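Geometric and topological summary
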Amino acid sequence: MRVIDWAWSARGAAWIDAAYVVVRLMHEGHTPEAAEAWAMHVPAFAKAPDRVIDAFAAKLSGMWEFITRSPRARPHSRALADTAREWARYRLD
């Protein structure tokens, strides 16, 4: 199966899509541990260095915070920014 997010389509590391899904799973009520356990089934995510995933989680948190502050932010943006921050804290603690 392939999943394409046309709103954010771009080339990137093979593990990035799984990392984005971690935040979406958490947003739907999964714990960070459970969301990352799912992501570990994606070989590229499982092989990615922890420090790289940590940096991505911090970057993603900042990105969602930036999006939330836009006058055109969608209603779900605040919740995703909060969830991304929760994941970054989990990764960095």
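Residues numbered from 1 in each chain as written. Predicted model: local features only at pLDDT ≥ 70, side-chain atom pairs only at ≥ 80, totals over all residues. Heavy atoms only, no water.

1. Some thoughts on the packing of helix α4 (residues 50-68) against helix α5 (residues 77-92)
Between α4 and α5, whose axes approach to 8 Å, the crossing angle comes to 155°. Between α4 and α5, the interaxial angle falls into the category roughly antiparallel. Relative to α5, the crossing made by α4 is left-handed. Note on element contacts: α5 touches α4 through Ser77, Arg78, Leu80, Ala81, Ala84, Arg85, Trp87, Ala88, Arg91 and Leu92, opposite Asp50, Ile53, Asp54, Phe56, Ala57, Ala58, Leu60, Ser61, Trp64, Glu65, Ile67 and Thr68. A class-by-class count of the residues in the contact of α4 with α5 yields 13 nonpolar, 3 polar and 6 charged. (Axes fitted to C-alpha atoms, helices over the stretch in contact; angles between N-to-C directions. Helix = DSSP H or I, 4+ residues; strand = E, 2+ residues; numbered from the N terminus. Parallel < 35°, antiparallel > 145°, perpendicular 65-115°, else oblique. Left-handed = near helix turned anticlockwise from the far one by under 90°. Contact = heavy atoms within 4.5 Å. Nonpolar A, V, L, I, M, F, W, Y, C, P; charged D, E, K, R; others polar.)

2. Observations concerning α4
With 19 residues, α4 ought to run about 27 Å at 1.5 Å a step, and its terminal C-alpha atoms sit 27 Å apart, in line with that. Looking at α4, one finds that the buried residues are Ile53, Asp54, Phe56, Ala57, Leu60, Ser61, Met63, Trp64, Glu65 and Thr68. The elements touched by buried residues of α4 are α1 (16-27), α3 (43-47) and α5. (Expected span 1.5 Å × (residues − 1). Buried < 20%, exposed > 50% of the residue type's maximum accessible area, 1.4 Å probe, protein only.)

3. Some points on the nonpolar core
One finds Trp15, Val22, Phe45, Leu60, Trp64 and Trp87 to be the most contacted residues of the largest nonpolar core, which totals 21 residues. Of all the elements in the fold, those that place two or more residues in this core are α1, α2 (32-39), α4 and α5. Of all the elements, α4 adds the most residues to this core, at 6 residues. Beyond its immediate sequence surroundings of up to four residues, Leu60 is in contact with Tyr20, Val23, Ala84 and Trp87. (Core = buried A, V, L, I, M, F, W, Y, C linked by side-chain atoms within 4.5 Å.)

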